[in-house]
Amino acid sequence: MDDHQTQDLVKELVHRLLPAAESGGGGRDASGALRFAHRLLSSRLAPAVLPDEHALAESIKRRLAASGRPDDALAFADLHSKLSARSRSASLWPLLYLLDSLSSHRRGAAAASCLPNLPTAALPRNAASGAAAGAGGRPGARAHGAPPGGVLLVSKDPNIREIALREYTELVLDEMEVSEAALVRDVLYACQGIDGRYVRYDKASDAYDLPDGVRVPRSTRTLVRKLCELGWLFRKVRGFISGNISRSPSDAGTEVGTVAQAFCSALQEELSDYYKLLAVLESYSLNPIPTPGSDSGVSGNYLSLRRLAVWLAEPAVRMRLMAVLVDGCRGLRGGAMAGAIHGHAQHGDPMFQEFMGRLLRRVCSPLFEMVRSWVLEGELEDVFAEFFIVGQPVKAESLWREGYLIQSDMLPSFISPVLAQRILRTGKSINFLRVCCDDSGWADAAAEAAAYVGTTTSRGGLGYGETDALEALVVEAAKRIDSHLMDVIHKRYRFKDHCLAIKRYLLLGQGDFVQYLMDVVGPELSEPANRISSFQLAGLLETAIRASNAQYDDRDILDRIKVKMMDHGDGDRGWDVFSLEYDARVPLDTVFTASVMKIYLKVFNFLWKLKRVDHSLTGVWKTMKPNCIVSSPFYKEGISIKAQFVSVLRKCQVLFNEMNHFVTNFQYYIMFEVLEVSWARFSDEMDAAKDLDDLLLAHDKYLNSILEKALLGERSHGLLRNLFELFDIILQFRSHADRWFERIYELQLRGKGKQKSKSKESGSWLDGGRKAMIQLAGELFRKMGEDLDSIAKDYTASLDAFITQLPMQQHVDLKFLLFRLDFTEYYSRVSSSK
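Keep in mind the model is a prediction, meaning the values are calculated, not measured.

Novice: What am I meant to see in the overall build of the protein chain here?
Specialist: If you tally the helices and strands in the protein chain, you get 33 helices and 8 strands. Of all intrachain contacts in the protein chain linking residues separated by at least 6 positions in sequence, the fraction that spans at least 24 positions is 73%. Counting every atom, the protein chain has about 42,800 Å² of accessible surface; 53% of that belongs to carbon and sulfur.

Novice: Explanation requested: a nonpolar patch on the surface in the structure shown.
Specialist: Together, L83, L95 and L99 make up a nonpolar patch on the protein surface, roughly 250 Å² of accessible area in all. Position of L95 among the secondary structure elements: in helix 5 (residues 93-108).

Novice: What should I look at first to understand the packing of helix 19 (residues 442-452) against helix 20 (residues 467-492) in this one?
Specialist: Each pair of packed helices can be summarised by the angle the axes make with each other and by the distance between the axes. Remark: helix 19 packs on helix 20, axes separated minimally by 9 Å, with the N-to-C direction vectors making an angle of 150°. As far as their axial angle goes, helix 20 and helix 19 are roughly antiparallel. Relative to helix 20, the crossing made by helix 19 is right-handed. Only L473, E476, A477, R480, I481 and H484 of helix 20 make contact with helix 19, whose side of the interface consists of W442, A445, A446, E448, A449, A450 and Y452.

Novice: Would you mind showing me how to read the packing of aromatic side chains here?
Specialist: Working definition: an aromatic ring pair is given by the centre-to-centre distance plus the angle between the planes. This structure, assessed with the given rule, holds 29 aromatic pairs. Ring geometry for F604 against W608: centres 5.7 Å apart, planes inclined by 20°, an arrangement best described as stacked. Taken together, the residues F604 and W608, both in helix 26 (residues 594-623) and 4 residues apart, mark about one turn of the helix. The same class applies to F604 and to W608, which are both buried.

Novice: Would you mind going over the pattern of salt bridges with me for this structure?
Specialist: Within this structure, the stated rule accounts for 39 salt bridges. Across the pair D327 and R330 runs a salt bridge, and its minimum N-O distance is 3.8 Å. Residue K783 is joined to D787 by a salt bridge in which the shortest nitrogen-to-oxygen separation is 3.0 Å. Here K783 pairs with D787, and both are found in helix 31 (residues 765-805), just 4 residues apart, close to one helical turn. Classification of K783 as partly exposed rests on a relative accessible area of 39%. Judged by its relative accessible area of 14%, D787 is buried.

Scoring rules and cut-offs
Here the residue index of a chain counts from 1 through its sequence in written order. Two thresholds apply to this predicted model, a pLDDT of at least 70 for residue-level local features and 80 or more for giving and counting side-chain atom pairs, whereas whole-chain, interface and lining totals are computed over all residues. Note that the side-chain values use all heavy atoms of the structure and ignore hydrogens as well as water. Strands are runs of DSSP state E lasting at least 2 residues, helices are runs of H or I lasting at least 4, and numbering of each runs from the N terminus. Whether two residues are in contact is decided by their heavy atoms: any pair within 4.5 Å suffices. Where accessible areas are quoted, they stem from the Shrake-Rupley method and a 1.4 Å probe; at the residue level, only the protein chains shown are allowed to cover. Patch membership requires over 30% relative accessible area and the absence of a salt bridge. Like charges are linked within 9 Å, and nonpolar side chains (Val, Leu, Ile, Met, Phe, Trp, Tyr) within 5 Å. The rule for a salt bridge is simple: a side-chain nitrogen of Lys or Arg has to be within 4 Å of a carboxyl oxygen of Asp or Glu. Angles here are taken between N-to-C directions and fall from 0 to 180 degrees, while the axes themselves are lines fitted to C-alpha atoms, restricted in helices to the stretch in contact. Each angle receives one of four descriptions, namely roughly parallel if under 35 degrees, roughly antiparallel if over 145, roughly perpendicular if within 65 to 115, and oblique otherwise. A crossing counts as left-handed when the near helix is turned anticlockwise from the far one by less than a right angle, and as right-handed when that turn is clockwise. In summary, the pairing rule links any two rings of Phe, Tyr or Trp, Trp by its six-membered ring, whose centres are within 6.5 Å, and it sorts them by plane angle into stacked for under 30 degrees, edge-to-face for over 60 and tilted for everything else. When a residue's accessible area, from a 1.4 Å probe over protein chains only, is under 20% of the maximum for its type it is buried; when over 50% it is exposed; and in between it is partly exposed.

This is the structure we're talking about:
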């Protein structure tokens, strides 16, 4: 085949590849395409794939069959076999490869309507990509419609290569309405939050983008969009900084805290480095971008879009992280903000860790300064309510319990709850010593703790990442300051002595004082409550103190014991409203608060009633003492009145013994197994307490133990009600006994008076006086027996109900009470026989 015939075939192929309907400049397009085809065929371009004719033919047949064209696949196989037979030894692989490449282009660019795209796309796979890379254009970009895959090796002939690349560059530049240098400049503007000539911020899409009217390749538009994401992130970060810095301090509830200010300062410092990078890139953007075939003397410090993507890769990561932090910190302040930032620092990337560590050291600096000031000075320097410890104005007695609390939402995650509690208690101890104890020894303890861990009491010295040093400082300061606080409480304010005084006087542990007090105030308390003078009772209290061993106690303790008259209504007696109180002053009122003293008052009223019942039974015994009974004239009368009198006395004695057995054992249980055992445990825990919280906890356990064991807890209401019914029956028995024996005593005096007058008035006592007295005595003994039977019946029923409920109580000590009350199982047998 000669050259003329070859040119005709190439021309015919180019015209067939052109669209069927073409007008206008179609002739110019056809001639340009023909020149490009001649240059392409005369070059030494070679695909970087192994020539395998059979594999390529099979691939084409499978593709035709898979696309639903089996007839074309059979026709292709027939033509290929015929050509192979005619060509004999010549390979058909170059022809098949060319046809396959053209077919791939036509499938990928079916919408193309002009021929100038054809030469770029008609190169073997990714030919345009290789040419563009050599021309210094958009590295790695693919020409419009170019098929993916493959590598093109450009001919080593410099003349042919430069001509091909220059031609390719001209074709690519014809597709771009905007130069790459202008796009680079606009992208740099967008990275600073400024609208450029072409790249502008679109509020609708919330992004920087090229307008749709600007004609640029799709890949270029995508790359510009990706680069401008950095500008969108920059706007977000800068907006956060500006919004916090420009906020007015007078705006209520919108103050910018120190942590937020430190965060903005750290972000601003990162942006300063970002500005420096942009300044360098601005200087590089002034250098022209070389093109293929241009003078090789152009400077290499130019800036293309691809190079800009490489430059901005690392700043984009930082800016993206800052934007994430900004979004996560909106609406937060103080410790909550520091904790949110710390949550993003848990990352395995060293670059992330280094960046977040640098940021958090700035952000957490105010927070750690607050911790240092609170732990070593007790100062709560929290103007903007950022600290996880909050103080509130309270009375001195409530300073420890309610003065300072932990805000869990302000506690950063890098400070554990246990460490936060220690921090809280250390500062509370300092303030308690300073405000309630008027003590300044804590300053030396704080200085010693700081020196021990290798820091100072001045500002600084602690920062983010030094949690171990912080914990060591807090632990050492807490140990030394709490130890000093315990010394002040025990030695200067004699806490244990006051607890013992409350036990002896309010819990009635001083037996001789209680007995004498009962004796002297008993007559007064039997009067109606509205007739009793508290001043008179205070005098009787002082009399009881001076008459007992209580007089040898410290006068400061005795002066704190006062009489308290509770609120009373109509019909209340002095026994119902009388109580004692203990004046616990600062700082002891931190332990003996108003609520605690109410519990002591409740226990005192219970014990006072128990003591009153015991005192009443003692009075009954004194009334029934044998010397009053033996001298009775009723023993000298008839057998009937004597038997009636002995029967009544026996019933009274039996009932007294039952009541005395119950009261004695119950009182022993309360005074020894409840009060003494609880005090022994409390005393041990008091000595072992290392801080005020331990002391308060030990005291609360002491009170709760007394309440539960003494049937004053919430789970013992029913049992306590039955117990009070027993007490009322015993007091009723005392009242009846006093009335009975008073009338018996009157009859005895009447009988003795008649005997004395017998010598003067002969026969007056025998003449009917004796019969009248015997009749009155018989009536009294009958009524007395009926009352005793009624009281005994009520007492037995109440005692049975009380003993029946004891085994159902959860506290183990109440089982020992049951054993003491029913050690012979008498009540159990009587209850089971009913």
